[in-house]
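Residues per chain are reported as follows:
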Amino acid sequence: MEIEFIPIDYDYFDFNGGNYVRMIGRDGRGRRVCVIDSYEANFWLILEDGADASKIVKKVMKVEVTKASRTSKVLKCVIADKKYLGKDVKAIRVFVTNHKDAHEIASEIGDMKGIFKRREYDIPLITKYIKEKGASPLQCLHVKAERVTDNRLQVTEDMDCYIAEEIKPIGNRKQGIGNKEFVPKVLTYDIETSDVEIGKSEILMISLYGELGNKDEGIGNRSKDGEIFEKVLTWKKSEGAGDYVEFCEDEAEMLEKFVEYVNEYSPDILTGYFSDGFDLPYLKARADINGVKLAIGIDSKGPSFTRGRIPSGKFCGIVHVDMYRFVDAVFSQYLQSETLSLNEVAKELVGESKEDFDFAKLSNMKNSDWNDFFSYNVHDSRVAYKLFEKIWPDILEFTKIVKEPLFDVSRDRMSTHVENYILHNLDRFNEIAEKRPSYNEIRERKSMGKYEGAFVFEPVPGLYDDLVMFDFTSMYASVIISYNLSKSTLNEDGETFNEKAGFFPTMLGEVVETRKKYKKEYVANPSGMLKARSNAYKLLANAAYGYQGFFGARYYCREAAAATARLAKENILSAIDKIEKGGYKIIYSDTDSICLLQGEKSRKEVLGMLKKINDELPGIMELDLEDFYPRGLFVLKRGGVGGAKKKYALIDENGKVKIRGFETVRRDWCALTRDLQSKILTDILKDGNEKGALVKFKEVVKKLKGREVEISDLMIRTQLRQALSDYVSEGPHVAAAKKMEARGIPVSVGMLVEYYIGEGSGKRIGDRVYLVGDKVKYDVDYYLKNQVLPAVENIFEVFGIDVSAVADGEVQKKLF
DNA sequence: GTTAAGTCCATACC
DNA sequence: ACAGGTATGGACTTAAC
């Protein structure tokens, strides 16, 4: 029979000595089905020039590896003309009985005469499978298949299962089946505990939230119209709780109910925020203690955790997504949020905050407190659900573009995305994949010093009128493409690059072109999907430069990365030169942007000059008009020598202020300082002088001196980036963290430590660090000399005002 | 004991 | 370990007197 099929999750198993891939997904009617397909494990032998291929094949056919209970053999060999790093090679594709033994068979073959390299034994089975069969995730496939019920194939009873005979993508980038979108059935969850250490305390409650879509909306999430599923499971008792609260006898029963509800809801995706690092391991630990099995997923086995910096929790057939991982790896650099907490990220992306709940109350909870806590708990899952809806188009597009399983794509870092994109597109270039670097190679790469990077122009401090900002579009990517910079195009001299287009720059060119196309489509006809798609291609293009310089990359090429930076620099310097020769004054430039004064020239003249520069730029490089700014401010460095780079403030024609680098945008300065500086910059840019700003400054000094400032405005937040014992030098935030630890407040790497500086006699600032709630008075002198003044001094200096004298004046007046 | 230079550290820009 | 280099500036630590 023939079915339409959207694969969502993949795993594999051995049967009759061969490898099989099992895909869980949805069929054309939106039902969950399972498709099993055989996989012929294989890798490549690249031959030396002039080697006798058939002779080698004969020898290779005899290779056999016995390991534990399994004997792996070579099944067949196919001789082919391939490319490896752009060069034509003769190669043998070696098919083996089991993918797990490919590496060992390759090693066994190792020393054989005539073999230049062994490749692709280190690519994960699922990746090779998807690549070779075109069974891309979350895209509709046309599958010729036979229905099976053979339990030895690990078929589950309550799901239709097929053995694939032929798999074909239905292509042309359709979202789902027919004209319908694939809408996953999603369930979010969140737990509350009294101790944050994994498994240490009981889980007090678990919340679940899901929305069942209208059946006309698309494939997947079908049910009655707009039904909401929300639940809090708890073993705590209270009266008058909302209907969504379900009381259990004890923790064990609560965990069992959780499993039941998840299985009954049967989501495609089970998701939480930081659930890899907290909720799921906690559930597992408590389930173990209580002797409960977290039998979630189609195999009814508990979650498995893959190793890594953060363990990744996996169920079979239900994709567990930790939204934090995706936000952290892909989104964070484009967010304004100062932390990646659910609260901040959800506020920025979906405009929803968490509910307030005072965790200090936990030790002494009244009936109504519990009801508040339940409400808080379910709200968290609700907010998480909204967040998922918001970022799903991005996760979906990344998955479809990178062609790796959703589980991995939602966790991988940008370098991995770039690499997977390459691996899944190599066939079009007839390329055999490069191997992963060995431990020693990584060490060697890391030991290389830095290469020279971007150019930054030292600005002359001042308040300027009528500035123009140019920037290069995707500069580094356009340099890589225009100059053909990559591992496979590096000449033997190790410096210059081949003229003949390499697959890496070509692929990157396609990424940039595709991005342009979808951006255009998006502008003409905006949709969340087009925005996400265009954005995914953009992020991929932007990460390509970093990828070539990243020590862990298969296609690492330091020379290409260094050349990219150097040629970018040459081009921006040459553009600056041309702008200056055109009679303009350059105010600033950083990496790919140039800021100049419009002077007496008209906008038309500016654009004409821009066009002339563009006509002379190499390849696809392009200098764009970013914007016109009526006013801009640049300041001196703190030491007073030279203009400060990476610090400026601009105001656009709509009165919108853009602040870069200043303390205003730094989270490790107190709110008093940041707010004041922000107001001062805004006033100066709006008024064109410092008078109003000076009044605001004086007011703050007076308030500070008069002890009228709230402690919350004086709290300083600094991230603890290593273990307390690893610090060589004990800064104030380390001292604060030690103080917390001494008081029994949990301290962990990565947390934001909050403190203020109080009065005292200690020599170091760290000796006068206090925590929220402490009764010690704030240190007026510190906040004046180390916070407020440093942040505004060099701004007023532009107007020739010595602001510390003004501050002293305020003190004098008060004294008299 | 004080001060200047050097180092560590966090955070930002692009 | 999980894209790169450039840059600022606070606070601590150490060397020199």
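Computed from a predicted model, the values in this text were never measured in an experiment. (Residues numbered from 1 in each chain as written. Chains lettered and ligands numbered in written order. Predicted model: local features only at pLDDT ≥ 70, side-chain atom pairs only at ≥ 80, totals over all residues. Heavy atoms only, no water.)

**As for the overall build of chain A**
Where we set the bar: Numbering of helices and strands runs from the N terminus, with a helix taken as a DSSP run of H or I at least four residues long and a strand as a DSSP run of E at least two residues long. Each radius of gyration is computed over the set of C-alpha atoms, and the globule rule expresses the reference value as 2.2 Å times the number of residues to the power 0.38. In this analysis, two residues are considered to be in contact whenever any of their non-hydrogen atoms come within 4.5 Å of each other. For every accessible area listed, the method is Shrake-Rupley and the probe measures 1.4 Å; residues are considered covered only by the protein chains on display.
Scanning chain A from terminus to terminus reveals 21 helices and 29 strands. By the compact-globule yardstick of 28 Å for 816 residues, chain A fits well, its C-alpha radius of gyration being 31 Å. Along the three orthogonal principal directions, the C-alpha set of chain A runs to about 95 × 75 × 55 Å. At a minimum sequence separation of 6, the contacts of chain A that also span at least 24 residues come to 66%. Summed over its atoms, the accessible surface of chain A is roughly 37,500 Å², and 47% of this surface lies on carbon and sulfur atoms.

**A short note on the protein's contact with DNA strand C**
This is how the line gets drawn: Neighbouring residues are identified by heavy atoms, a residue being near a molecule or strand if any of them is within 4 Å of it. Under the rule applied, a polar contact is a pair of N or O atoms within 3.5 Å (in protein, one hydrogen donor and one hydrogen acceptor; residues adjacent in sequence only if both atoms are side-chain atoms).
Inspection of the region around DNA strand C gives 33 residues, with Ser-415, Gly-453, Arg-638, Tyr-782 and Asn-786 positioned closest. Of all atoms in DNA strand C that approach within 4 Å of the protein, 90% are sugar or phosphate atoms. Arg-413 is positioned with one of its side-chain polar atoms (N or O) 3.4 Å from a phosphate oxygen of DNA strand C. In the model, a phosphate oxygen of DNA strand C is placed 2.7 Å from a nitrogen or oxygen of the Ser-415 side chain. Elements with a minimum of two residues in the surface near DNA strand C: helix 14 (528–548), strand 25 (643–651) and helix 20 (780–797).

**Considering the nonpolar core**
Condition: Nonpolar core, defined: a set of buried Ala, Val, Leu, Ile, Met, Phe, Trp, Tyr and Cys residues in which side-chain atoms within 4.5 Å join the residues together. Only protein chains enter the accessibility calculation, which uses a 1.4 Å probe; a residue whose area is less than 20% of its type maximum is buried, one above 50% is exposed, and one in between is partly exposed.
Ranked by size, the top nonpolar core spans 113 residues in total, and within it Phe-398 and Phe-470 carry the most contacts. With twelve residues, helix 8 (residues 367–402) is the single largest residue contributor to this core. Once residues lying within four places of it in the same chain are set aside, the contact partners of Phe-398 are Phe-326, Val-330, Lys-403, Val-409, Met-414, His-417, Ala-536, Leu-539 and Leu-540. Within the second largest apolar cluster, 53 residues are counted, among which are Leu-676, Ile-680, Phe-697 and Val-788.

**Description of a positive patch on the surface**
Going by this rule: A residue counts toward a patch only above 30% relative accessible area and without a salt bridge, and it is joined to like-charged neighbours within 9 Å or, for Val, Leu, Ile, Met, Phe, Trp and Tyr, to nonpolar neighbours within 5 Å. The salt bridge definition used is simple: a Lys or Arg side-chain nitrogen within 4 Å of an Asp or Glu carboxyl oxygen. This count recognises Lys and Arg as positive and Asp and Glu as negative, with His and chain-terminal groups excluded. Charge placement uses NZ in Lys and CZ in Arg. For Asp and Glu, CG and CD serve respectively.
Positive charge collects at one region of the surface, where Lys-55, Lys-58, Lys-59, Lys-62 and Lys-113 lie side by side. Tracing the chain through its elements places Lys-58 in helix 1 (residues 53–61).

**Side note on the packing of aromatic side chains**
Counted only if it meets this: The rule is short: rings of Phe, Tyr and Trp, with Trp giving its six-membered ring, pair when the centres are within 6.5 Å, and they are stacked under 30 degrees, edge-to-face over 60, tilted in between.
If you walk through the whole model with that rule in mind, you get 36 aromatic pairs. Where Tyr-189 meets Phe-258, the ring centres are 5.9 Å apart and the plane angle is 40°; that geometry is what we call tilted. One end of the pair, Tyr-189, is in strand 12 (residues 186–193); the other, Phe-258, is in helix 4 (residues 251–265), with 69 residues separating them in the sequence. Both residues of the pair, Tyr-189 and Phe-258, count as buried. Summarising the aromatic geometry, the rings of Phe-357 and Phe-373 are spaced 4.1 Å apart at their centres and angled 0° between planes, so their arrangement reads as stacked. Of this pair, Phe-357 sits in the loop between helix 7 (342–350) and helix 8 while Phe-373 sits in helix 8, placing them 16 residues apart in sequence. Just as Phe-357 is buried, Phe-373 falls in that class too. What links up through ring pairs into an aromatic cluster is the set Phe-247, Phe-357, Phe-359, Trp-370, Phe-373, Phe-374 and Tyr-376.

**A word on the protein's contact with DNA strand B**
Near DNA strand B lie 19 residues; those nearest to it are Asp-592, Lys-646, Tyr-648, Tyr-727 and Val-728. Sugar and phosphate atoms constitute 88% of the interface atoms of DNA strand B, taking the interface as everything within 4 Å of the protein. Within the side chain of Lys-646, an N or O atom sits 2.8 Å from a base oxygen of DNA strand B. Contacts to DNA strand B include Tyr-648, whose side-chain N or O atom sits 2.5 Å from a phosphate oxygen.

**Remarks on the sheet that holds strand 10 (residues 160–169)**
As a reminder of what qualifies: Strand pairing is assigned whenever DSSP identifies at least 2 bridges connecting the two strands. To get an axis, a line is fitted to the C-alpha atoms, and for a helix only the part in contact is used. The angle between two axes follows their N-to-C directions and goes from 0 to 180 degrees.
If you walk around this closed barrel you meet the five strands as 1-2-3-10-9, and the pairing is mixed. Across the sheet, the mean angle separating the axes of adjacent strands is 45° when strand polarity is ignored. Two elements, strand 3 (residues 32–39) and strand 10, share four bridges in a ladder whose sense is parallel. Across the sheet, Cys-34 pairs through a bridge with Cys-161, a residue of strand 10. On top of the sheet, helix 3 (residues 125–133) reaches strand 1 (2–15), strand 2 (18–27), strand 3 and strand 10; it is set at about 90° to strand 3, its chief contact.

**Some points on the pattern of salt bridges**
This structure, assessed with the given rule, holds 62 salt bridges. A salt bridge links Lys-200 to Glu-197; the shortest N-O distance between them is 4.0 Å. One salt bridge connects Glu-653 with Arg-603, and the closest N-O pair in it is separated by 2.7 Å. On the criterion of sequence distance, the pair formed by Glu-653 in the loop between strand 25 and strand 26 (657–660) and Arg-603 in helix 16 (residues 603–616) is long-range, its members being 50 residues apart. A single salt-bridge network, built from bridges that share partners, covers Arg-93, Glu-120, Lys-128, Lys-131, Glu-132 and Asp-427.

**Re helix 18 (residues 691–705)**
Which entries qualify depends on this criterion: Here the expected length of a helix is defined as 1.5 Å per residue gap, with one fewer gap than residues. Arc, as used here, means the arc of the directions from the helix axis to the C-beta atoms.
A rise of 1.5 Å per residue sets the reference length of helix 18, with its 15 residues, at 21 Å; its end C-alpha atoms lie 22 Å apart and thus fit the reference within 8%. Three or more residues of helix 18 are buried, namely Ala-693, Leu-694, Phe-697, Val-700, Val-701 and Leu-704. Considered in projection along helix 18, the buried side chains sweep an arc of 125° and stay on one side of the axis. Residues of helix 18 that are exposed and point more than 90 degrees away from the buried face comprise Lys-691 and Lys-702. With its phi angle positive at about 60°, Arg-707 sits one or two positions after the end of helix 18.

**Observations concerning unusual backbone geometry**
With a phi angle near 65°, Lys-403 is a residue other than glycine that sits in the positive phi range. When you line up the elements, Lys-403 lands in the loop between helix 8 and helix 9 (406–409). Exposure remark for Lys-403: the relative accessible area of 23% places this residue in the partly exposed category. Its identity as a non-glycine residue notwithstanding, Asn-430 has a phi of 55°, on the positive side. Note that Asn-430 resides in the loop between helix 10 (414–423) and helix 11 (439–447). Classification of Asn-430 by relative accessible area gives partly exposed; the value is 29%.

**Regarding the side chain of Glu-404**
For Glu-404, the position within the fold is in the loop between helix 8 and helix 9. Buried charge Glu-404 goes without a salt bridge, the closest partner of opposite sign being Arg-436 at 8.7 Å. Those residues in contact with Glu-404 that sit more than four places away from it in its chain are Thr-127, Pro-137, Thr-399, Val-409, Asn-420 and His-424.

**Considering the pairing of strand 15 (residues 227–234)**
Every regular strand shows the same layout, with side chains that alternate between the two sheet faces. Pairing of strand 13 (residues 203–212) with strand 15 involves eight bridges; the strand directions are antiparallel. Across the sheet, the residue bridging to Met-205 is Thr-234, located in strand 15. For strand 15 and strand 16 (residues 245–247), the ladder comprises three bridges, and the chain directions are parallel. Bridge pairing in strand 16 places Val-232 opposite Val-245.

**Digging into the pairing of strand 10**
Both strand 9 (residues 141–147) and strand 10 contribute to a ladder of seven bridges, which runs antiparallel. Its bridge partner being in strand 10, Ala-145 is matched across the sheet by Ala-164.

**Concerning the environment of Lys-354**
Mapped onto the elements of the fold, Lys-354 is located in the loop between helix 7 and helix 8. Considering only alpha carbons, one finds Lys-354 and Val-383, 29 residues apart in sequence, at a separation of 7.1 Å. The residues contacting Lys-354, other than those within four sequence positions of it, are Leu-342, Asn-343, Tyr-376, His-379 and Asp-380. At a separation of 3.2 Å, a polar atom in the side chain of Lys-354 contacts the side chain of Tyr-376.

**Considerations on the sheet that holds strand 25**
The strand order 22-23-21-24-25-26 describes an open sheet built from six strands, whose pairing is antiparallel. Each edge of the open sheet carries a strand with a single partner, namely strand 22 (585–590) and strand 26. When the angles between neighbouring strand axes are averaged without regard to direction, this sheet yields 35°. In this structure, strand 25 lies alongside strand 26, joined through four bridges in antiparallel fashion. Looking at the pairing, Ile-651 lines up with Val-657 of strand 26. On top of the sheet, helix 16 reaches strand 21 (462–472), strand 23 (593–597) and strand 24 (623–636); it is set at about 115° to strand 24, its chief contact. Packed onto the sheet, helix 20 meets strand 24 and strand 25 and runs at close to 100° relative to strand 24.

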